[in-house]
Amino acid sequence: MNGTTTPDTQYLDVPGGRIAFDDTLKGDGTPVVLLPGMLDSRRSYRHLVPLLAAAGHRVITMDLRGFGESSIAWNDYAPGAIAADVLALLDHLGIERAVLAGSSYTGATVVKVAGDAPERVAGIVLIDAFIENLPQNALMRGVVHAMGTVVIHWPAFWGFYHRKLAYPGAKPADFDAYVAGLVDALRTPGRRTATRGHVRGDSSPVGWTAAVRCPALVLMGTKDPDFPKPEVVADRQTAALGARKVMIDGSGHYPMADNPQAVAGALLPFLAEIA
């Protein structure tokens, strides 16, 4: 997969709907499963997958419930529910153990899978994830809720967030078209329910990291606008998981898109150690 073409989409039927995914098929060592963040698709990794595949890794990217090419209508969109889809996909592909990487919202998902099914997870990677976030006071909780409401009712705000906040530095060459596609997706009939399910889901659950025993890597953009103090959050995650931490200099909330070379540079040694 690269910035302009993708392999034919594959699908897995699970209770409640259908999950879309890509699989490079070839690769040595432990397969890698990449999960996008909320309101996004597996194409968020379009610039990272070729780098991992070129290094010899089998890479699977999966759309979340409600977005990408997965079914829109579900009864649960929370990170814990997505964890069941990840395990179902591993079963479907006959993969005994994998490295799981979660971005933003799905950092909680990979932590959940690692805690619930440790025999299936060789390692986890958190990419600008909310798990172990700093506690929010009432004002911050109100702000987050208000922003979620705006996104539900005015999809253009999601485009504003990406164009003005999420990428404080470099932007990929296909940035404008990609962001336009994200906004158009929010306007798809029925998508408002899925959007509400994502923005109201708990992306920073308490206590899940305590059950994780596998190796972990924490990646965080130094200029991520979603965190007042990105490195403090990364330090909390690192301490909770006994993880290795790599700060991606100058990156915002999506370092796999704005600096895929740096993300690959941090991820490949981690994968090599696990292998």
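Numbering of residues begins from 1 in every chain and follows the order in which that chain's sequence is written. It should be noted that, the model being predicted, local features are given only for residues of pLDDT at least 70 and side-chain atom pairs only at 80 or more, the latter also being counted only at that level, while totals for whole chains, interfaces and linings use all residues. As a rule here, side-chain values cover all heavy atoms of the structure and leave hydrogens and water aside.

**As for the pairing of strand 7 (residues 216-221)**
- Of all six residues making up strand 7, six are buried, and the element is well covered by its neighbours.
- Burial along strand 7 is two-sided: the face carrying Ala216, Val218 and Met220 and the face carrying Leu217, Leu219 and Gly221 are both buried.
- Taken together, the four bridges between strand 6 (residues 121-127) and strand 7 define a ladder with parallel strand orientation. Paired with valine 125 across the bridge in strand 7 is leucine 217.
- Strand direction decides the pairing type here: strand 7 and strand 8 (residues 244-248), joined by five bridges, are parallel. Paired with leucine 217 across the bridge in strand 8 is arginine 244.
- Taking the sense of rotation as the criterion, the β-α-β connection linking strand 7, helix 8 (residues 230-241) and strand 8 turns out right-handed. Relative accessibility decides the category of a residue: with a 1.4 Å probe and only protein chains considered, values under 20% of the type maximum give buried, values over 50% give exposed, and everything between is partly exposed. Runs of E in the DSSP output that reach at least two residues are strands. Runs of H or I that reach at least four are helices, and both are numbered from the N terminus. Should DSSP find at least two bridges between two strands, the strands are regarded as paired. A clockwise path from the first strand over the helix to the second, with the strands pointing away from the viewer, defines a right-handed crossover.

**Overview of helix 5 (residues 156-166)**
- Along helix 5, the residues classified as buried are Trp158, Gly159, Tyr161, His162 and Ala166. An end-on view of helix 5 places all buried positions within 155° of arc, on one side of the element. This arc is taken over the directions from the axis of the helix to the C-beta atoms.

**Digging into the pairing of strand 4 (residues 59-62)**
- A two-sided burial pattern is seen for strand 4, the buried positions comprising Val59 and Thr61 on one face and Ile60 and Met62 on the other.
- Summarising the sheet, strand 2 (residues 17-23) and strand 4 pair through three bridges and their orientation is antiparallel. Considered in strand 4, the bridge of phenylalanine 21 is made with methionine 62.
- As defined by bridge partners, strand 3 (residues 32-35) adjoins strand 4 across three bridges and the pair is classed as parallel. Across the sheet, residue leucine 34 finds its bridge partner in strand 4, namely threonine 61.
- With helix 1 (residues 49-54) bridging strand 3 and its parallel neighbour strand 4, the resulting β-α-β unit is right-handed.

**Here's the deal with the packing of aromatic side chains**
- Ring pairs shown here join Phe, Tyr and Trp side chains whose ring centres sit within 6.5 Å, with only the six-membered ring taken for Trp; geometry is labelled stacked below 30 degrees between planes, edge-to-face above 60, and tilted in between. Taken as a whole, this structure holds five aromatic pairs when the rule is applied.
- Between phenylalanine 130 and phenylalanine 227, the ring centres sit 5.0 Å apart and the planes meet at 45°, which makes this aromatic pair tilted. Of the two residues, phenylalanine 130 is situated in the loop between strand 6 and helix 4 (138-153) and phenylalanine 227 in the loop between strand 7 and helix 8; the sequence distance between them amounts to 97 residues.
- Residue class for phenylalanine 130 comes out buried when judged on its relative accessible area of 15%.
- Grouped by ring-pair contacts, the aromatic residues Tyr167, Phe175 and Tyr254 constitute a single cluster.
- In this scheme, the term charge over a ring applies when either NZ of a lysine or CZ of an arginine sits within 6 Å of the ring centre and within 35 degrees of the ring normal. It is arginine 46 that lies over the ring of tyrosine 178; its NZ or CZ is 3.7 Å from the centre.
- Seen from the ring of phenylalanine 175, lysine 171 lies directly overhead, with NZ or CZ sitting 5.6 Å from the centre.

**Here's the deal with the packing of helix 2 (residues 79-93) against helix 3 (residues 107-116)**
- An axis is simply a line fitted to the C-alpha atoms; with a helix, the fit covers only the stretch in contact. Between two such axes, the angle follows the N-to-C directions and lies from 0 to 180 degrees. Taken N-terminus to C-terminus, the directions of helix 2 and helix 3 make an angle of 60°; their axes are 8 Å apart at the nearest point. As far as their axial angle goes, helix 3 and helix 2 are oblique. Like other packed secondary-structure pairs, helix 2 and helix 3 cross with a definite hand, here right-handed. For the pair formed by helix 2 and helix 3, the contact residues are Pro79, Gly80, Ile82, Ala83, Val86 and Leu87 on the first element and Ala108, Thr109, Lys112 and Val113 on the second. What sets the label is the angle itself: under 35 degrees gives roughly parallel, over 145 gives roughly antiparallel, 65 to 115 gives roughly perpendicular, and the rest give oblique. Left-handed describes a crossing in which the near helix is turned anticlockwise from the far one by less than a right angle; the clockwise case is right-handed. Only heavy atoms enter the contact rule, under which two residues are in contact if any of them lie within 4.5 Å.

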